[in-house]
Structures are given as C-alpha cells and as structure tokens.
Amino acid sequence: MIAILTMAVLTVAEVVPPTTLTIISGGRERRVPIRTDLGAGPVLPAGPLLMALNGTAASDGVWIDLTLGSRAYRFLLGAPIFTTGGRLHALAAPATVRRDSLFIPFQFVAELLPRLQAPRFHYDRGSARLTDLGPPATTAEPRTAAGAPSGMRETSLQRVHKVTIDPGHGGVDPGNPGLYFPKGVKEKHVTLQIGLLLARELEARGVEVDLTRTRDTLIDLRDRGGFCTSECDLFVSLHVNSLPRRRGYTSVRGFETYFLAEARTEDAVRVERMENEAVRFERPAESGEAGGALDFILKDLQLNEYLRESARVAELVQQHLDRPHPGENRGVKQAGFTVLTTARRPAVLVELGYATNREDARVMSRKASQEALARALADAVVAYLREYERKTDGR
Ligand SMILES: [Zn+2]
C-alpha cells in the first residue's frame with residue numbers, strides 16, 4: 001500500500017527501488033535486501049554486499065573504508081560523499097550505521113560502482129542484478145604444459161593447521177532416522193563414519209585433526225564448538241538432511257553447507273530447528289544464555305573475518321562436493337546453529353545429503369562413496385587453508 005502511494009509523487013527521473021538486489025559474483029548468486037524504511041532513501045546492508053563481492057570493511061568511527069573489486073572506497077559516516085582514487089563523489093544519501101550494521105545507499109551499487117569500475121561491474125535495472133565479471137584477464141595464460149599438472153591437487157601446506165571435525169549427533173541422540181539408510185543406520189552413524197574418513201584424509205594431507213567424538217557418544221551441542229579454540233583453524237560439523245513426510249518429499253536430494261547467521265529462508269529455519277533439536281537431549285542451558293548469545297555474536301561478527309572466512313569455506317565445500325556427489329548442489333546457506341555459535345573460529349555445517357532420498361542415502365552410506373565425499377571435503381579444507389596461508393603471509 002505504501003509503495004503505491006509513494007509512486008504517485010515520484011518524478012520521472014526516479015524509479016521505485018527493487019526490494020532485493022541480486023549479486024552475481026564468482027559463479028554464485030546472492031540476494032541482498034534493499035531497505036527503504038531507514039529514512040534516507042533505499043539502502044542496503046554492507047555486510048552481505050561485502051560477502052557477495054569478497055570485499056572488506058574497516059572503520060575508525062568517522063570514515064568507513066571498503067574494498068570492492070580490489071578498489072578502495074572511503075565513506076564519510078553520515079555525509080552523502082565518498083572518495084575513491086583521490087576524487088570526491090556525491091551520493092544520493094549518506095552511509096549510515098544502524099544497530100551496529102553499516103548501510104550504504106542503493107544508488108552506490110546501481111550507478112556509481114558500475115560506472116567507476118566498468119566493465120567489471122554491471123548493473124541491470126530491469127532485473128535488479130549486479131554482475132561482477134571479475135578482474136580483467138591477465139595477458140599470459142597460466143602455464144599448464146610445462147611441469148605443472150592441470151587440475152592441481154591441493155597439497156603442500158606451508159604450516160601445520162588444526163581442524164576440528166564434528167560428526168553430528170551421537171549416543172541417545174540418533175539424529176534423523178535415516179529412512180533409506182540400511183536397517184538400523186541413523187544419521188549419527190553416517191556422520192561418524194564420514195567424520196573418521198575425513199580425519200584420515202586430512203591427516204594424510206598434513207593437517208592435524210581433532211574430533212568432537214570418535215565413538216557413539218553424545219556431546220553437548222554447546223560444548224562442540226569449544227573443541228575449536230585459539231589453536232584451531234576451522235570447525236566442520238557433519239550432518240545428514242531429511243524432510244518430513246509430505247507429497248514428493250523423497251525426491252528432494254542434494255548437499256548444502258551452512259555458516260552462522262540468523263536463519264534466512266524457510267528451508268534454513270527448518271534445518272536449523274532440526275539440527276538444534278539435539279539440545280533437548282542435553283543439559284539445560286544456563287539461564288538466558290541461548291538467544292542473547294546468538295544476537296551478541298552476530299553483531300560482533302557482522303563484518304567480522306570469521307563470518308567471511310566461514311562463507312568462503314562453505315563455498316569451497318560446495319564446489320568440491322559437486323564432483324563426487326550426484327545430488328543437487330543446493331548451495332551455501334546461513335542459519336543460527338547452536339553448534340556454530342559456540343565456535344570461535346571459522347565454522348561450517350555440512351548437510352551431506354538427504355536420508356529421505358534413496359540415491360542420496362546410498363551415496364552417504366556406501367563405503368566407496370563415503371570415501372569420495374571425505375576426499376572432496378578434505379580437498380575443500382586444504383584449499384581454504386592454502387588461501388588462508390597466502391592471505392596471512394602477505395600481512
Ligand atoms: Zn544432524
């Protein structure tokens with residue numbers, strides 16, 4: 001209703017802003033909500049934008065420094081200007097901080113970014129899509145003929161890293177019943193089997209591994225993340241998805257990787273609820289701890305490195321699982337898993353497939369395909385650790 005009323009007073013030069021911006025970058029598609037209720041015209045949260053474009057942000061409380069597409073932008077908080085390449089530019093509205101989140105004018109993304117970084121960024125008004133075509137191609141093709149094999153394997157890490165593997169559920173908490181798993185096999189068995197195989201694969205690649213469990217025991221969800229503290233570089237929780245009985249539910253299949261955030265989609269909420277269910281098998285929460293903690297961590301992490309790193313790990317996991325997994329690549333998702341909120345390091349939760357789908361169940365429960373999944377997961381982890389090494393060595 002409000003949108004229709006405002007339309008009448010818009011001048012010809014103005015267009016009703018879309019409600020969502022779709023960003024296509026690195027072969028992935030992300031949606032960022034556009035807000036019009038903050039009083040400064042259409043704005044979008046910088047966090048998801050940076051994540052989609054692999055950008056960074058830093059602030060001294062007066063200026064906000066963003067890098068987008070490897071170009072630096074400085075926004076003066078509360079003023080409708082920014083600088084880049086030594087020049088000052090005007091904005092339709094200022095960059096603002098609301099409840100610990102940075103918002104930048106939608107106009108910046110729709111007009112200025114595509115103009116300042118043409119042809120890398122392109123904005124299509126009709127579909128409200130921002131496409132990142134990536135950095136211009138380098139002159140020389142990477143050498144593949146001489147010596148370096150194509151399809152390089154992820155090996156030769158420079159340092160010793162520690163990764164915590166968390167096979168979901170265990171003990172009195174069976175996880176999901178595993179509709180199409182062999183008789184008696186539940187989610188908790190499959191996560192442990194694949195977790196142990198992943199540990200072996202990682203150790204073979206020179207990575208130190210901690211497992212939250214190596215047997216059929218129950219570990220409190222809130223304690224699992226505690227396995228991954230300062231010494232640990234990454235936390236990987238393994239799970240098996242399932243759907244409640246409904247029309248066509250056995251035909252849904254595929255794998256998805258989550259990193260911590262407030263659950264966004266209906267489906268993410270469902271998976272979050274399902275995986276957090278295990279709490280009912282565990283000791284009661286200390287008073288008032290649960291909800292508040294997520295809020296706090298989210299604020300703390302909004303533009304924080306762990307979140308970005310976690311998103312990157314999730315992306316690599318999806319890329320690598322795509323090869324051995326015959327199911328659908330369901331993409332990177334965000335949800336507020338208790339098990340992830342307690343990790344103080346980059347953390348992801350992998351749903352390896354649907355036990356309510358016959359083929360997925362087969363892939364997850366057969367030894368040979370379990371090994372293939374574990375190899376792909378290990379390659380993804382090592383790919384991440386190599387990126388992490390490159391980044392931190394350059395500091
Ligand atoms: Zn689970």
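Everything here concerns the structure above.
Now for a look at the structure at hand. Small disclaimer: the values here were computed from a predicted structure and weren't measured. (Residues numbered from 1 in each chain as written. Predicted model: local features only at pLDDT ≥ 70, side-chain atom pairs only at ≥ 80, totals over all residues. Heavy atoms only, no water.)

**Topic: the pairing of strand β4 (residues 56-59)**
How we decide: In short, DSSP must find at least two bridges between two strands for them to pair. Helix and strand assignments follow DSSP, with helices taken as H or I runs no shorter than four residues and strands as E runs no shorter than two, numbered in order from the N terminus.
Strand direction decides the pairing type here: β4 and strand β5 (residues 63-68), joined by four bridges, are antiparallel. Within the sheet, the bridge partner assigned to Ser-59 lies in β5 and is Ile-64. Counted between consecutive antiparallel strands, the loop separating β4 from β5 contains three residues, among which Gly-61 sits at a positive phi close to 95°.

**What to know about the coordination of the zinc ion**
A four-donor tetrahedral metal ideally has 109.5 degree angles, and a six-donor octahedral metal ideally has angles of 90 or 180 degrees. So the rule is basically this: Donor selection uses N, O and S atoms within 2.8 Å of the metal (3.2 Å for Na, K and Ca). Since no water is included, sites may look incomplete. The cut-offs for exposure are 20% and 50% of the maximum accessible area for each residue type, with area from a 1.4 Å probe on protein chains only; residues under the lower value are buried, those over the upper are exposed, and the others partly exposed.
The coordination sphere of the zinc ion, as far as protein atoms go, consists of His-169 (NE2), Glu-187 (OE), His-239 (ND1), Glu-275 (OE) and Glu-275 (OE), spread over 2.0 to 2.6 Å. Read in sequence order, the donor residues for the zinc ion give the motif H-x17-E-x51-H-x35-E. In this pair, His-169 sits in the loop between β13 (162-167) and α4 (187-204) while Glu-275 sits in helix α6 (residues 266-276), placing the two residues 106 residues apart along the sequence. For the pair His-169 and Glu-275, one class covers both residues: buried.

**Considering the nonpolar core**
The tendency in soluble globular proteins is for nonpolar side chains to be buried side by side. Which entries qualify depends on this criterion: We define the nonpolar core as a collection of buried residues of types Ala, Val, Leu, Ile, Met, Phe, Trp, Tyr and Cys that are connected through side-chain atoms lying within 4.5 Å of one another. Contacts: residue pairs with any heavy atoms within 4.5 Å of one another.
In this structure, Val-163, Ile-165, Leu-202, Leu-238, Val-350 and Leu-377 are the most contacted members of the largest nonpolar core, which totals 47 residues. It is helix α11 (residues 367-393) that provides the largest number of residues to this core, a total of 11 residues. Those residues in contact with Leu-377 that lie beyond four places of it in its chain are Ile-194, Leu-198, Leu-238, Val-317, Leu-321, Val-350 and Leu-352. In terms of nonpolar packing, the next biggest core, distinct from the first, is built from 30 residues, Ile-23, Ala-52, Phe-82 and Phe-108 among them.

**Observations regarding the pattern of salt bridges**
Formally: The working definition used for a salt bridge is a side-chain nitrogen of Lys or Arg within 4 Å of a carboxyl oxygen of Asp or Glu.
Applying the stated criterion to the full structure yields 21 salt bridges. For Glu-371, the salt bridge is made with Arg-200, and the minimal N-O distance between the two is 3.7 Å. Residue Glu-371 is found in helix α11, and its partner Arg-200 is found in helix α4; the two are separated by 171 residues along the sequence. Here Glu-371 falls in the partly exposed class, since its relative accessible area comes to 21%. Glu-387 is the partner of Arg-312 in a salt bridge, and the nearest nitrogen-oxygen pair spans 2.6 Å. Placement of the pair is Arg-312 in helix α8 (residues 305-321) and Glu-387 in helix α11, with a sequence separation of 75 residues. In this structure, a network of salt bridges that share partners links the residues Arg-28, Arg-30, Arg-312, Glu-315 and Glu-387.

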